[in-house]
Amino acid sequence: MTVYMVERELKGISMEALGDAQKAAISKAAEMTSSGTDISYLRSTFAPEDGRCMCLFDANSDVDVKRLNDDAGLPYHRIVPALDLTP
């Protein structure tokens, strides 16, 4: 599996809506995994000042990550392979 970073522009989003988006990503990942597509939501980093949000997913392909975000109705402008450098 590969880590993919999903880049989002969420300027002006409320903390409640941000939490709902995170729950939607987690729920859709669980649904897809139970249906045979191995994918996990890892974490997000949000910069409220300018609305940038980076979300990490562990998946077999960027196509799976795109499908998760599209099906969950989550906006994004780019999905790229990434290195998760958490110690």
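For the structure, see preceding data.
Conventions adopted
Residues numbered from 1 in each chain as written. Predicted model: local features only at pLDDT ≥ 70, side-chain atom pairs only at ≥ 80, totals over all residues. Heavy atoms only, no water. Salt bridge = Lys/Arg side-chain N within 4 Å of Asp/Glu carboxyl O. Helix = DSSP H or I, 4+ residues; strand = E, 2+ residues; numbered from the N terminus. Buried < 20%, exposed > 50% of the residue type's maximum accessible area, 1.4 Å probe, protein only. Phe/Tyr/Trp six-rings, centres within 6.5 Å; stacked < 30°, edge-to-face > 60°. Expected span 1.5 Å × (residues − 1). Arc of directions from axis to C-beta. Contact = heavy atoms within 4.5 Å. Pairing = 2+ DSSP bridges.

1. Here we look at the pattern of salt bridges
Two side chains that carry opposite charge are able to pair once their charged atoms sit near each other.
Moving on, step 1. All told, the structure shown has 5 salt bridges when counted by the stated rule.
Moving on, step 2. Note that Lys28 is salt-bridged to Glu31, the shortest N-O span being 3.0 Å. Here Lys28 pairs with Glu31, and both are found in helix H1 (residues 15-34), just 3 residues apart, close to one helical turn.
Moving on, step 3. A residue is classified by how much of its surface remains accessible, and Lys28, at 15% relative accessible area, is buried.

2. A look at the packing of aromatic side chains
Ring pairs (aromatic) are described by centroid distance and by the angle formed between their planes.
Moving on, step 1. Counting across every chain of the model gives 1 aromatic pair.
Moving on, step 2. The interplanar angle of 75° and the centroid separation of 5.7 Å between the aromatic rings of Tyr41 and Phe57 together place this pair among those described as edge-to-face. On the criterion of sequence distance, the pair formed by Tyr41 in strand E2 (residues 39-47) and Phe57 in strand E3 (residues 52-59) is long-range, its members being 16 residues apart.
Moving on, step 3. The exposure class assigned to Phe57 is buried, which follows from its relative accessible area of 0%.

3. Looking at H1
Moving on, step 1. With 20 residues, H1 ought to run about 28 Å at 1.5 Å a step, and its terminal C-alpha atoms sit 29 Å apart, in line with that.
Moving on, step 2. Of all the positions in H1, only Leu18, Ala25, Lys28, Ala29 and Met32 are classed as buried. All buried residues of H1 fall inside an arc of 105° around its axis, so they share one side. Facing away from the buried side of H1 by over 90 degrees, the exposed positions are Met15, Glu16, Lys23 and Ser34.
Moving on, step 3. Looking at the buried positions of H1, the neighbouring elements they touch are E2, E3 and helix H2 (62-72).
Moving on, step 4. Once H1 finishes, Gly36 follows within two positions and takes phi at roughly 105°, a positive value.

4. Some thoughts on the environment of Ile26
Moving on, step 1. Structurally, the position occupied by Ile26 is in helix H1.
Moving on, step 2. Among the residues examined, Ile26 registers a relative accessible area of 42% and is labelled partly exposed.
Moving on, step 3. In sequence terms Ile26 and Tyr4 are 22 residues apart; their C-alpha atoms lie 15 Å from each other.

5. Examining the pairing of E3
Moving on, step 1. Bridging between strand E1 (residues 2-9) and E3 involves 8 bridges; their strand directions are antiparallel. Within the sheet, the bridge partner assigned to Val3 lies in E3 and is Asp58.
Moving on, step 2. Strand direction decides the pairing type here: E2 and E3, joined by 8 bridges, are antiparallel. Bridge pairing in E3 links Ser40 to Asp58.
Moving on, step 3. Between E2 and E3, which follow one another and run antiparallel, lie 4 residues, and Gly51 among them has a positive phi close to 80°.

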